[in-house]
Amino acid sequence: MRLARSHLLLSVTDEALLAGVRDVARALRAALVDRGLVEEVQVFETGDLGIVGHGVVLVVHPDSVTYGDVTVGDVEDIVDQHLVKGRPVARLRIAPRSPASAALAERPRIVLRNCGVIDPESLDEAIATGAYAGIAKVIEEGIAPKGVISEIQRSGLRGRGGAGFPTGLKWSFTAPGDEKYLICNADEGEPGTFKDRLILEGDPHRLIEGMLIAAYAIGASKGYVYVRGEYALSIARMERAIEVARTAGLLGDHILDSDISFDIEIKKGAGAYVCGEETSLIESIEGKRGYPRLKPPYPGAVGLWGRPTVVNNVETLANVPPIVLHGADWFRSFGTRSCPGTKVYTILGHVAHPGLIEVEMGTPLRRIIEDFGGGMRDGRRFKAALIGGAAGAFVAEDGLDLAMDFDSLLEYAAVLGSGAVLVVDEEASIVELLHGILRFFRHESCGQCAPCRAGTARLVDLSSRVLDGGGTEADLDRMIDVAETMQAASLCPLGQSVILPLRSALRSFRPEFEARCGAVLSS
Ligand SMILES: Cc1cc2nc3c(=O)[nH]c(=O)nc-3n(C[C@H](O)[C@H](O)[C@H](O)COP(=O)(O)O)c2cc1C
């Protein structure tokens, strides 16, 4: 067999599917057959390449030329001009992602290592790039569950679902019991966040292996992936990967001929933000309305069906196999002392190159925007970044050099949260942005507890008044009062976290709010 001269990587995402990626793939293959190039040029359908807003994205290797918004009508030019004559099609090229693209190439990729590289539907390709080597090591070396937990503890891995709770510690807290459960939280409801989707779609076997190792460590034989219902492609890829893993003896009874038994079921979320909160999620899997439970007891003691349960985020679990395989010290060589490893971010808003990146924990916000987001769009001036989604905080210019990790951000009263970084320029209105966030909270409040139910409604009333120019400075102080009461009295972190965007917006941009309050009086 001749070696392929070129590889064409087609990013198959929901965006690309809507833009006709399947038709483009068919047209490409037909054109290659037509020109007798099938042996030399191979077309691979892969996961998300981290580039958003460009419809069908195609990368030609080994030239590393990236084309965006490709249609069936462009296929002939790509094949005849680029592949046959070696001249890239200038009109379809996407500009280099950033002025410091060397920084992009050099960044460590732990979680996304295979995303956009392997065919996510191929177990062979996953195994060829290291899938299931971690669990194989555990079995071959006879590492006890306690040994796995202590390695994860030593690695310093902290939960990537938002709160940054130490993963090994959480596992160690799991109460004894005959029946335990592991839940992978793939609800991903935080506005502006789609990092977990990339893992589900781009490297599903890594997640299955992460769950398998976690389940072995805590003694669970049943796992659930609670996945956002709108993620049709993620669900399809996970279902297929689970099926293939089962057939290969990597799920089910006596995995790899060991005593380990574990299987995974997928549960689709119905679109409630609060169902991403671990106890609401558990209620939802049990078939009930997604109301949060009072804690304690924590899920580690009383979880799904009343049994000890561990809930971990997708990105957290995706970090587990490489830690087990390469060791805690290797993992600690990335990131910061208290937050080792990397973090996957979605960079959105007024940057030149919105998309997804994985960088070391502790990378300053300025670098994330400039080196990886390509800087501000159209040379505009940075105004603020909302970090961590709706339940996150606004960071102004004075926070650009903050190290992005769970602990450093706390010094600025911000949170890393889900890893969403929404960047806005000088033209953006923080008053309007905050109003949108408060409306989101009112809409998503489950209504079970009064502080959140009434508080979110009151905040939208006050914010509407400010927005319409009829507010007063006392209204701004009242908003803080309401959110502080919600922080103290709400039953779950949804109501408790409204204070974060509110306080941070008023701390850095109060004059803008005050100017809006005076708008009616002065007009
Ligand atoms: C309103 C709300 C929504 C949440 N949504 C998610 C989510 O979509 N995905 C997630 O992993 N964690 C979410 N969380 C956090 C979970 O409750 C939980 O802390 C997390 O899944 C634990 O995983 P980790 O330890 O790996 O971070 C949410 C929390 C709240 C309060």
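That block above? That's the structure.
Rules used in this analysis
Here the residue numbers are simple positions, counted from 1 along each chain's written sequence. Thresholds applied to this predicted model are a pLDDT of at least 70 for local features of residues and 80 or more for the giving and counting of side-chain atom pairs; totals over whole chains, interfaces and linings are not thresholded and use all residues. Where side-chain values are given, they derive from all heavy atoms of the structure, hydrogens and water being excluded. Summary of the burial criterion: residues with accessible area below 20% of their type's maximum are buried, those above 50% are exposed, and those between are partly exposed, where the area comes from a 1.4 Å probe applied to protein chains only. Secondary structure elements follow DSSP: runs of H or I no shorter than four residues count as helices, runs of E no shorter than two count as strands, and numbering proceeds from the N terminus. Note on contacts: a residue pair is in contact if any heavy atoms of the two residues lie within 4.5 Å. Side-chain rings of Phe, Tyr and Trp, where Trp is taken by its six-membered ring, are said to pair if the distance between their centres is within 6.5 Å; with planes under 30 degrees apart they count as stacked, over 60 as edge-to-face, and otherwise as tilted. Note on geometry: a ring has a charge over it if NZ (lysine) or CZ (arginine) is within 6 Å of the ring centre and within 35 degrees of the ring normal. Angles run from 0 to 180 degrees between N-to-C directions of axes, and those axes are lines fitted to C-alpha atoms, restricted for helices to the stretch in contact. By the definition adopted for this analysis, an angle is roughly parallel if under 35 degrees, roughly antiparallel if over 145, roughly perpendicular if from 65 to 115, and oblique otherwise. Put simply, Ala, Val, Leu, Ile, Met, Phe, Trp, Tyr, Cys and Pro go in the nonpolar bin, Asp, Glu, Lys and Arg in the charged bin, and everything else, Gly too, in the polar bin. Nearness is judged by heavy atoms alone; a residue qualifies as near a molecule or strand once a single heavy atom is within 4 Å of it. Whenever a nitrogen or oxygen atom comes within 3.5 Å of another N or O atom, the pair is scored as a polar contact, on the condition that within protein one atom can donate a hydrogen and the other can accept it, and that pairs from neighbouring residues in sequence are kept only if both atoms are in side chains. Calculation of accessible area relied on Shrake-Rupley with a 1.4 Å probe; when residues are assessed, cover is drawn exclusively from the protein chains displayed. A pair of strands counts as paired when DSSP detects no fewer than two bridges linking them. Positive: Lys, Arg. Negative: Asp, Glu. His and the chain ends are not part of the count. For salt bridges, the criterion is a side-chain nitrogen of Lys or Arg within 4 Å of an Asp or Glu carboxyl oxygen. Side-chain atoms within 4.5 Å are what join buried Ala, Val, Leu, Ile, Met, Phe, Trp, Tyr and Cys residues into a set we call a nonpolar core.

Student: Would you mind showing me how to read helix α6 (residues 133–140) here?
Tutor: Counting along an α-helix, one turn takes 3.6 residues, and residues three or four places apart therefore face a common direction. When α6 is considered as a whole, its buried residues turn out to be G134, I135, A136, K137 and V138. Close packing links the buried residues of α6 with α7 (145–155), α10 (204–218) and α13 (314–326).

Student: Help me understand the packing of aromatic side chains, please; the structure alone is not making it clear to me.
Tutor: Following the criterion strictly, the structure yields 7 aromatic pairs and no others. Through pairs of rings, three or more aromatic residues link up here, namely Y273, F440 and F441. R197 extends its terminal NZ or CZ atom over the ring of Y231, reaching a point 5.9 Å from the ring centre. R507 extends its terminal NZ or CZ atom over the ring of Y412, reaching a point 4.6 Å from the ring centre.

Student: Can you walk me through the packing of α6 against α10 in this structure?
Tutor: Helix-helix packing is characterised by the crossing angle of the two axes and by the distance between the axes. Where α6 meets α10, the closest approach of the two axes is 9 Å, and the angle between their N-to-C directions is 30 degrees. In terms of axis orientation, α6 runs roughly parallel to α10. Each of A133, G134, I135 and V138 in α6 lies in contact with α10, whose residues at this interface are E209, L212, I213 and Y216. In the contact of α6 with α10, the residues fall into 6 nonpolar, 1 polar and 1 charged.

Student: What is the right way to look at the site of the ligand in this model?
Tutor: The environment of the ligand is formed by 18 residues, the closest being G161, K170, E188, N313 and T316. The separation between an oxygen atom of the ligand and a polar side-chain atom of N185 is 3.0 Å. Contact distances for the ligand include 2.8 Å between an oxygen atom and a side-chain N or O atom of N313. Considering the ligand on its own, with 610 Å² of exposed area, one finds that the protein chains cover 88% of that surface.

Student: Can you walk me through the sheet that holds strand β13 (residues 420–425) in this structure?
Tutor: For sheets, the rule is that strands pair by backbone hydrogen bonds, running either parallel or antiparallel. Here we have 5 strands laid out as an open sheet, ordered β10-β9-β13-β11-β12, and mixed in their pairing. A single partner strand is all that each edge strand has here, and the edge strands are β10 (355–360) and β12 (393–395). With direction set aside, neighbouring strand axes in the sheet form an average angle of 30 degrees. Pairing geometry for strand β11 (residues 382–387) and β13, over 5 bridges, is antiparallel. The residue bridging L386 from the neighbouring strand is L422, located in β13. Its contacts with the sheet put helix α17 (residues 430–444) on β11, β12 and β13, and the angle it makes with β12 is roughly 160 degrees. Across the sheet, helix α21 (residues 499–517) touches β11 and β12, and the angle it forms with β12 is around 35 degrees.

Student: I would appreciate a short explanation of the side chain of E190 in the present structure.
Tutor: With respect to the secondary-structure elements, E190 resides in the loop between β5 (181–186) and α9 (195–202). Buried charge without a salt bridge: E190, with R228 as the nearest opposite-charge side chain at an N-O distance of 9.3 Å. Once you skip the residues sitting within four places of it in the chain, E190 turns out to touch Y273, G388, G389, A390, A391 and S418.

Student: For this particular structure, what's the right way to read helix α12 (residues 278–285)?
Tutor: Summarising burial for α12: 8 of the 8 residues are buried, a large majority. Residues of α12 that are buried include every one of E278, T279, S280, L281, I282, E283, S284 and I285, and no others. Note on α12: the residue one or two positions beyond its end, G287, has a positive phi of about 90 degrees.

Student: Just to check I follow, could you spell out the pattern of salt bridges for this structure?
Tutor: Oppositely charged side chains can form a pair if their charged atoms are brought close together. For the coordinates displayed, the defined rule picks out 42 salt bridges. Across the pair K288 and E283 runs a salt bridge, and its minimum N-O distance is 3.6 Å. Between R510 and D477 there is a salt bridge, with the nearest N and O atoms lying 3.2 Å from each other. Note that R510 is positioned in helix α21 and D477 in helix α19 (residues 473–489), a separation of 33 residues in sequence. For R510, a relative accessible area of 22% gives the class partly exposed. With relative accessibility at 40%, the residue D477 sits in the partly exposed group. The network of salt bridges with shared partners includes R160, K195, D196, E315 and K343.

Student: Just checking my understanding: could you explain the environment of G142 for this structure?
Tutor: If you trace the backbone, G142 turns up in the loop between α6 and α7. Expressed as a C-alpha distance, the spacing of G142 and L462, which sit 320 residues apart in the sequence, is 61 Å.

Student: Hey, could you run me through the pairing of β11 in this one?
Tutor: Across a regular strand the side chains alternate sides, sitting on one face of the sheet and then on the other. β11 sits mainly inside the fold: 6 of its 6 residues count as buried. Across 3 bridges, the pairing between β11 and β12 is antiparallel. Across the sheet, residue A385 finds its bridge partner in β12, namely V395.

Student: Any chance you could explain the nonpolar core here in plain terms?
Tutor: As a rule of thumb, nonpolar side chains are buried together in soluble globular proteins. Counting residues in hydrophobic clusters, the biggest one holds 67 residues, and the most contacted among them are L365, M404, V423, L459 and F513. Among all residues touching L459, those that are not within four sequence positions of it are L438, M479, V482, A483, M486, V498 and L502. Counting residues in hydrophobic clusters, the runner-up holds 62 residues, among them I235, L251, I266 and F334.

Student: I would appreciate a short explanation of the side chain of E201 in the present structure.
Tutor: Secondary-structure assignment places E201 in helix α9. Overall, the relative accessible area of 0% leaves E201 in the buried class. For E201, the side chain forms a polar contact with the side chain of S234, separated by 3.0 Å.

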